[in-house]
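The lines below spell out each chain.
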Amino acid sequence: MPPHITIIGSGFSGTLTAIHLLSQTTTPLTISLIDPRGTFGPGLAYSPPSKTFTLNVKAKAMGALPSDGEGFFRWLKKKRPSTSPNEFAPRSYYGEYLCELLNLVETSSRIHTVNRVSQEVIDLERTPNNVFSVTLSDGSILYADACVLALGNIPRCSLGKTLDMSAFHPPYSAESYSHITGAKEALIIGSSLTAVDVILESERNGFRGEYTVISRHGRFPLPHEESSAEHQFQIASESLTLGSVTKLCAFMRSESRRLLSSQPVFDHIRPHIQTVWKHLPEKEKQRFLRHLQPIWDIHRHRIPVQHHETLQQLQRTKRLRLTAGRFHDAKKTNAGCTATYTSRGARSETITKFFDVAFLCVGPEGDLTKMKSPLIRNLLRRGLITPGTLRLGIVHSAPKLAVVGPLQRELLWEITAVRELREEAQLQAAAILQSLGASLAG
Ligand SMILES: Cc1cc2nc3c(=O)[nH]c(=O)nc-3n(C[C@H](O)[C@H](O)[C@H](O)COP(=O)(O)OP(=O)(O)OC[C@H]3O[C@@H](n4cnc5c(N)ncnc54)[C@H](O)[C@@H]3O)c2cc1C
């Protein structure tokens, strides 16, 4: 019997791990790709409700394979000859590209078998025979020699305390925007990329009311700078292993002064940030999260210039108010919701106000103990995964149970975007093959 590997979750991370498994070994494998979406490739990020949602990275940098950074651009160019390498392409195209890549590798690898299973995995257990039993939501069980957890970002359902989630509309459902034309007041909690998506989609769907955007730091992501890559920048290895947030900030400040811009400094440090993070002691990681993360996030998760201009225009015309503050609670009412929040700063005040629509855009849950996923709860209960003390994800998993994707954040910090995930999927595939004693393709 060929070794059987189950990949739980078939978004970018699971799909790319499958692709590398299929291409890296001459040992026949059976791979079960399991995802309740019924699509294999796009995952959450690349199955948007409409073509208007775009990537936030240029087409030329979105190749899914580490050895072929321009792969997506070439694919897109065949589909739409007018495409430019600097275009922010629709995310749905990226989903199609991933599906095609998987199909291509699957059909050309004749020795392997791939099963696509449209189910949720609800439990995973190690049997006395040292294999995994994988329980699906319809009650059926698969047995596997190795498993990959590629569950993506797990949505939040609490902010310190449990929230009335019925007060919020899901950001990535077409239904959320179907009646938005008549709304007067929209509330958005969070001001990162998802919040920007919600604002742009609301505008496209005819919303002409006012936005109240509340986030801890009251900042939107910065726009992409054109010239960022051209700066001369040399990072000495001592700068990466400083082990101190104060020293790291001092280094980044002095480089920003030298280059007259902070953007290239973040761009050049990003490929090394996993090394920087690994060298920070626990206490320093906490300081990083408190002091540097807000700055890191707005530089790291950037938006196209035209999206930035739309936000500025909305602020100038007083249709959008971005407030640094603390959101407390929202209660669903017949017509919308009533929310309470406190703004920060000199004129700090607590406000309770009615909104016609509200969106929660606060980023994923990192604390495994707060996740509602039955699979995560069962894995914790069985001791097959260990949560990190920073509450950013999994720090340890059982042998032959690999983790790929945003749940590795506590170990790697920067592991949410294609650029890092494509390397990680390849590394984890190689490690799984090694653990199964499979022979590597030449
Ligand atoms: C809206 C959005 C836009 C983004 N845009 C970009 C971009 O432009 N560029 C970029 O580089 N990065 C972008 N990202 C980052 C993105 O997280 C990664 O690029 C990547 O798509 C993450 O893939 P993933 O497979 O880890 O997670 P996901 O895409 O979330 O896939 C996880 C899959 O696991 C499945 N799953 C979960 N639990 C179970 C279970 N118990 N059983 C079975 N299946 C399960 C889910 O159904 C899902 O399909 C974006 C992210 C989001 C959310």
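Reading guide: rules and limits
Each residue is numbered by its place in its chain's sequence as written, counting from 1. Thresholds applied to this predicted model are a pLDDT of at least 70 for local features of residues and 80 or more for the giving and counting of side-chain atom pairs; totals over whole chains, interfaces and linings are not thresholded and use all residues. For the purposes of this entry, the term helix denotes a DSSP run of H or I that reaches at least four residues, the term strand denotes a run of E that reaches at least two, and both are numbered from the N terminus. Each radius of gyration is computed over the set of C-alpha atoms, and the globule rule expresses the reference value as 2.2 Å times the number of residues to the power 0.38. In this scheme the burial state of a residue depends on its C-beta neighbours within 10 Å: 20 or more other such atoms mean buried, 12 or fewer mean exposed, and anything in between means partly exposed; the C-beta positions come from the backbone. Any pair of residues counts as being in contact when their C-beta atoms, constructed from backbone geometry, are within 7 Å of one another. DSSP-based pairing: two strands are paired if at least 2 bridges between them are found. For helices, the fitted axis covers only the stretch in contact; all axes are lines through C-alpha atoms, and the angles between them, taken along N-to-C directions, range from 0 to 180 degrees. By definition, a nonpolar core groups buried Ala, Val, Leu, Ile, Met, Phe, Trp, Tyr and Cys residues that are joined through C-beta atoms within 7 Å. Reported domain spans reflect what an automatic or database domain assignment gives. Residues are grouped as follows: nonpolar covers Ala, Val, Leu, Ile, Met, Phe, Trp, Tyr, Cys and Pro; charged covers Asp, Glu, Lys and Arg; every other residue, Gly included, is treated as polar. Using the backbone to place each C-beta atom, any residue with that atom within 6 Å of a molecule or strand is considered near it. Angular relationships are summarised with four words: roughly parallel below 35 degrees, roughly antiparallel beyond 145, roughly perpendicular across 65 to 115, and oblique for the angles in between. This arc is taken over the directions from the axis of the helix to the C-beta atoms. Each residue after the first adds 1.5 Å to the expected span of a helix.

## Examining the overall build of the protein
- Scanning the protein from terminus to terminus reveals 13 helices and 18 strands.
- Compactness check: the protein gives a C-alpha radius of gyration of 23 Å against a globular reference of 22 Å for 442 residues, within 12% of the reference.
- Reported as C-alpha extents along the three principal axes, the dimensions of the protein are approximately 70 × 55 × 50 Å.
- When the 442 residues of the protein are sorted by exposure, 38% land in the buried category.
- In the protein, the share of contacts with a sequence separation of at least 24, taken over all contacts with a separation of at least 6, comes to 71%.

## With respect to the sheet that holds strand E5 (residues 132–136)
- Spatial ordering of the open sheet is given by E4-E5-E6, a layout of three strands whose pairing is antiparallel. Taken across any chain shown, the strands that pair with only one partner, and hence form the sheet edges, are strand E4 (121–126) and strand E6 (141–144). Taken pair by pair, the neighbouring strands of this sheet meet at an average axis angle of 20 degrees, ignoring direction.
- Where E4 and E5 come together, five bridges link them in antiparallel fashion. Counted as the bridge partner of Leu124 is Val134 from E5.

## Some points on the nonpolar core
- Cys147 and Val148 are the most contacted members of the largest nonpolar core, which has 67 residues in total.
- Other than its neighbours up to four places away in sequence, Cys147 contacts Thr6, Ile8, Leu124, Phe132, Val134 and Leu401.

## As for the pairing of strand E15 (residues 357–360)
- Neither face of E15 is open: one carries Val357 and Phe359, the other Ala358 and Leu360, and all of them are buried.
- As judged from the four bridges shared by strand E10 (residues 185–189) and E15, these two strands associate in the parallel manner. Of the residues in E15, the one forming a bridge with Ile189 is Leu360.

## A look at the domain arrangement of the protein
- We note that the domain assignment places domain 1 (4–155 + 365–435), domain 2 (158–222 + 302–360) and domain 3 (228–300) within the protein.
- If you average the C-alpha positions of domain 1 and of domain 2, the two centres end up 31 Å apart.
- Facing the eight residues of domain 1 at the interface are eleven residues of domain 2.
- A breakdown of the residues in the side of domain 1 that touches domain 2 according to their chemical character gives four nonpolar, three polar and one charged.

## A few points about the site of the ligand
- Near the ligand there are 32 residues, and of these Gly9, Gly11, Gly43, Gly152 and Gly405 occur at the shortest range.
- Of all elements in the fold, only helix H1 (12–24) and helix H13 (418–435) reach the threshold of two or more residues within the shell around the ligand.
- In terms of residue class, the shell around the ligand is built from 16 nonpolar, twelve polar and four charged.

## A few points about the sheet that holds E15
- Strand order across the open sheet formed by six strands is E14-E13-E12-E11-E10-E15, with mixed pairing between neighbours. With partners counted over all chains shown, the strands left at the sheet margins are strand E14 (350–355) and E15, one partner each. Looking at each pair of strands side by side, their axes are set apart by 40 degrees on average, direction ignored.
- Where helix H4 (residues 193–204) meets the sheet, its contacts fall on E10, strand E11 (210–215) and E15, and the angle it forms with E10 comes to roughly 160 degrees.

## Quick word on the environment of Lys78
- In this structure, Lys78 sits in helix H2 (residues 71–79).
- Since 8 C-beta atoms lie within 10 Å of it, Lys78 is described here as exposed.
- Spatially, the C-alpha atom of Lys78 lies 17 Å from that of Lys58, the residues being 20 residues apart in sequence.

## Let's talk about the packing of H4 against helix H10 (residues 305–316)
- Interhelical geometry of H4 versus H10 gives an angle of 75 degrees and a closest axis separation of 11 Å. It follows from the interaxial angle that H4 and H10 lie roughly perpendicular. On the side of H4, the interface is formed by Val196, Ile199, Leu200 and Glu203, while H10 contributes His307, Thr310 and Leu311.
- By residue class, the composition of the contact of H4 with H10 is four nonpolar, two polar and one charged.

## Remarks on H2
- Of the residues making up H2, those classed as buried are Phe72, Phe73, Trp75 and Leu76. Looking straight down H2, one finds its buried side chains confined to an arc of 160 degrees; they lie on one side.
- The secondary structure elements touched by the buried residues of H2 are helix H3 (91–108).

## Considerations on unusual backbone geometry
- At Asn130, a residue that is not glycine, the phi angle is positive and equals roughly 65 degrees.
- Its identity is not glycine, yet Lys400 carries a phi of approximately 65 degrees, on the positive side.
- With respect to the secondary-structure elements, Lys400 resides in the loop between strand E17 (394–397) and strand E18 (401–403).

## Side note on H13
- Compared with the 26 Å implied by 1.5 Å per residue over 18 residues, the 25 Å span of H13 between its first and last C-alpha is a close match.
- The complete set of buried residues in H13 reads Val418, Glu420, Leu421, Arg422, Glu424, Ala425, Gln426, Gln428, Ala429, Ile432 and Leu433.
- Elements in contact with the buried residues of H13: strand E1 (4–8), H1, strand E7 (146–149) and E18.
- Where H13 ends, the next residue or the one after it, Gly437, has phi of about 70 degrees, a positive value.

## Examining the environment of Val276
- For Val276, the location among the structural elements is in helix H8 (residues 273–278).
- Look at Val276 and you get buried, because 22 C-beta atoms sit within 10 Å.
- Between the alpha carbons of Val276 and Thr52 there is a distance of 36 Å; along the sequence they are 224 residues apart.
- Residue contacts for Val276: discarding those within four places in its chain leaves Leu240 and Leu248.

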